[in-house]
Amino acid sequence: MSFLFGSRSSKTFKPKKNIPEGSHQYELLKHAEATLGSGNLRMAVMLPDGEDLNEWVAVNTVDFFNQINMLYGTITDFCTEESCPVMSAGPKYEYHWADGTNIKKPIKCSAPKYIDYLMTWVQDQLDDETLFPSKIGVPFPKNFMSVAKTILKRLFRVYAHIYHQHFDPVIQLQEEAHLNTSFKHFIFFVQEFNLIDRRELAPLQELIEKLTSKDR
């Protein structure tokens with residue numbers, strides 16, 4: 001959760017998305033942080049008793065957006081049009097951007113451009129009260145889970161790009177423990193609720209097996 005980065009630089013790529021204090025979602029976030037503090041990530045991602053799955057996925061999706069935002073914010077100086085002319089995750093995987101609204105046909109673009117498009121798009125989804133209602137009693141839309149899956153699938157690509165193309169600066173900045181913990185938490189979460197297709201995770205499959213094998 002984002003509390004892991006509390007003492008770090010507060011530089012983020014996009015503005016942090018806050019969950020309103022005093023709301024039920026804020027209480028859920030606090031519950032998640034407390035459980036994470038125990039160090040057992042498998043337990044931390046489980047749906048708390050009596051809670052709504054949509055709300056749990058929503059709270060965690062916001063938190064993963066904030067984490068990735070912060071992690072990418074630390075390496076933006078290394079991810080440039082020159083160093084990353086395409087959005088890739090190693091030599092085998094390249095991503096082209098489309099959001100289905102403003103850009104319907106996938107376009108090839110640099111990694112910083114792609115990630116800017118991606119994070120702006122995610123931010124717009126999170127800010128949409130019809131998709132991510134923050135008020136108690138306002139129902140989640142019927143398509144909420146498919147929207148959340150698309151968000152998480154796309155956020156995974158930022159982790160994949162950082163690991164494949166920018167791991168050296170991550171080590172130089174002494175951020176690898178934060179990156180690994182954040183990614184491990186993310187993977188346990190999407191595995192727990194089957195939120196990302198296994199094929200989408202292929203660029204980091206070896207790392208996923210290494211990070212999760214100790215906790216089976």
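Residues numbered from 1 in each chain as written. Predicted model: local features only at pLDDT ≥ 70, side-chain atom pairs only at ≥ 80, totals over all residues. Heavy atoms only, no water.

## What about the packing of aromatic side chains?
Point 1. Applying the stated rule across the entire model yields 15 aromatic pairs.
Point 2. Seen in terms of ring centroids, tyrosine 163 and phenylalanine 167 are 5.7 Å apart; in terms of plane orientation they differ by 25°. Their pairing is stacked.
Point 3. Of the residues examined, phenylalanine 167 reaches a relative accessible area of 26% and is grouped as partly exposed.
Point 4. Counting every residue linked through ring pairs, the aromatic cluster contains Phe64, Phe156, Tyr159, Tyr163, Phe167, Phe183, Phe186, Phe189 and Phe193.
Point 5. Sitting over the face of the ring of tryptophan 121, arginine 154 holds its NZ or CZ atom 4.4 Å from the ring centroid. (Phe/Tyr/Trp six-rings, centres within 6.5 Å; stacked < 30°, edge-to-face > 60°. Buried < 20%, exposed > 50% of the residue type's maximum accessible area, 1.4 Å probe, protein only. Lys NZ or Arg CZ within 6 Å of the ring centre and 35° of its normal.)

## Notes on the packing of helix H3 (residues 53-75) against helix H5 (residues 144-165)
Point 1. Between H3 and H5, the least distance of the axes is 10 Å, while the angle of their chain directions is 25°. Considered as vectors, H3 and H5 are oriented roughly parallel to each other. Along this stretch, H3 crosses H5, giving a crossing that reads as left-handed. Facing Leu53, Asn54, Val57, Ala58, Thr61, Phe64, Phe65, Gln67, Ile68, Leu71, Tyr72 and Ile75 of H3, the residues of H5 in contact are Phe144, Met145, Ala148, Ile151, Leu152, Leu155, Val158, Tyr159 and Ile162.
Point 2. Of the residues contributing to the contact of H3 with H5, the split by class is 18 nonpolar, 3 polar and no charged. (Axes fitted to C-alpha atoms, helices over the stretch in contact; angles between N-to-C directions. Helix = DSSP H or I, 4+ residues; strand = E, 2+ residues; numbered from the N terminus. Parallel < 35°, antiparallel > 145°, perpendicular 65-115°, else oblique. Left-handed = near helix turned anticlockwise from the far one by under 90°. Contact = heavy atoms within 4.5 Å. Nonpolar A, V, L, I, M, F, W, Y, C, P; charged D, E, K, R; others polar.)

## Topic: the environment of leucine 131
Point 1. With respect to the element layout, leucine 131 can be found in the loop between helix H4 (111-127) and H5.
Point 2. Its relative accessible area of 11% is what places leucine 131 among the buried residues.
Point 3. Along the sequence, leucine 131 and lysine 142 sit 11 residues apart, while their C-alpha atoms lie 9.3 Å from each other.
Point 4. Beyond its immediate stretch of four places on either side in the chain, leucine 131 contacts Gln125, Phe140, Pro141, Asn143, Phe144 and Val147.

## Notes on the pattern of salt bridges
Point 1. The full count for this structure, using the stated rule, is 3 salt bridges.
Point 2. Residue glutamate 200 pairs with arginine 157 through a salt bridge whose shortest N-O separation is 3.4 Å. Of this pair, glutamate 200 sits in the loop between helix H7 (176-192) and helix H8 (205-213) while arginine 157 is found in helix H5, placing the two residues 43 residues apart along the sequence.
Point 3. The partly exposed category is assigned to glutamate 200, whose relative accessible area is 24%.
Point 4. In this structure, the salt-bridge partner of arginine 199 is aspartate 197, at a minimum N-O distance of 3.2 Å. (Salt bridge = Lys/Arg side-chain N within 4 Å of Asp/Glu carboxyl O.)

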